[in-house]
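# An overview of the molecular structure
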Amino acid sequence: MLKLNRTEVSRLGTDRSSMEALFLSCLQAKLIIGRVNTHPDLNDAQRSEIVFEIKQFTKKGCFQDAKAD
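Analysis parameters
Residues numbered from 1 in each chain as written. Predicted model: local features only at pLDDT ≥ 70, side-chain atom pairs only at ≥ 80, totals over all residues. Heavy atoms only, no water. pLDDT = per-residue confidence, 0-100. Contact = heavy atoms within 4.5 Å. Helix = DSSP H or I, 4+ residues; strand = E, 2+ residues; numbered from the N terminus. Buried < 20%, exposed > 50% of the residue type's maximum accessible area, 1.4 Å probe, protein only. Expected span 1.5 Å × (residues − 1). Polar contact = N/O pair within 3.5 Å; in protein donor to acceptor, adjacent residues only side chain to side chain. Salt bridge = Lys/Arg side-chain N within 4 Å of Asp/Glu carboxyl O. Axes fitted to C-alpha atoms, helices over the stretch in contact; angles between N-to-C directions. Parallel < 35°, antiparallel > 145°, perpendicular 65-115°, else oblique. Nonpolar A, V, L, I, M, F, W, Y, C, P; charged D, E, K, R; others polar.

### A closer look at the confidence of the model for the protein
In this model, the protein carries a mean pLDDT of 74, and residues with pLDDT of at least 70 account for 59%. Contacts of residues 1-10 to residues separated by more than four positions or lying in other chains number eight contacts, the stretch itself having pLDDT below 50.

Structure representation (C-alpha cells):
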C-alpha cells in the first residue's frame, strides 16, 4: 500500500487544508451572487449558471431558508 507523507500530499494539492480554502464563506458567496444578479451585461441563463457554480463552492447550509419557530 502506497502511503503519502504530509509534504507529498500538500504538494499534490489534495490535503484537507487546501480543499477547505476553496470554499467560500456564506457572506462572500451572498455578496458575489448579489453582484452577479445585478450585472447589466449578463443574461438570465448566464446569471443562473454563475450562481449555480458559486453555490457549488460554498459551505453547505448557507442557502437554506430560515425556519420559523
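From this point, the discussion proceeds with the structure in view.
### Let's talk about the environment of Gln56
Tracing the sequence through the fold places Gln56 in helix H4 (residues 44-56). Looking at Gln56, the relative accessible area reads 38%, which means it is partly exposed. Sequence spacing of Gln56 and Leu24 is 32 residues, and the spatial spacing of their C-alpha atoms is 9.4 Å.

### Overview of H4
The end-to-end C-alpha distance of H4, which contains 13 residues, comes to 18 Å, matching closely the 18 Å that a straight helix rising 1.5 Å per residue would cover. Tucked into the core, H4 has its buried residues touching helix H3 (26-38). At the N-terminal boundary of H4, the capping side chain belongs to Asn43, with an oxygen 3.0 Å from the backbone nitrogen of Ala45.

### Details of the pattern of salt bridges
Overall, the coordinates contain one salt bridge when judged by the stated rule. Measuring nitrogen to oxygen at the nearest pair gives 3.5 Å for the salt bridge that ties Asp44 to Arg47. Taken as a pair, Asp44 and Arg47 lie in helix H4 at a separation of three residues, close to a single helical turn. Residue classification places Asp44 among the exposed residues on the basis of a relative accessible area of 60%. Assessed through its relative accessible area of 16%, Arg47 is described here as buried.

### Notes on the packing of H3 against H4
Running from N to C, H3 and H4 point in directions that differ by 175°, and their axes come no closer than 10 Å. The angle between H3 and H4 places the two elements in the roughly antiparallel class. Facing Ala29, Ile32, Ile33, Val36, Asn37 and Thr38 of H3, the residues of H4 in contact are Arg47, Ile50, Val51, Ile54 and Lys55. Here the contact of H3 with H4 is built from residues that sort into seven nonpolar, two polar and two charged.

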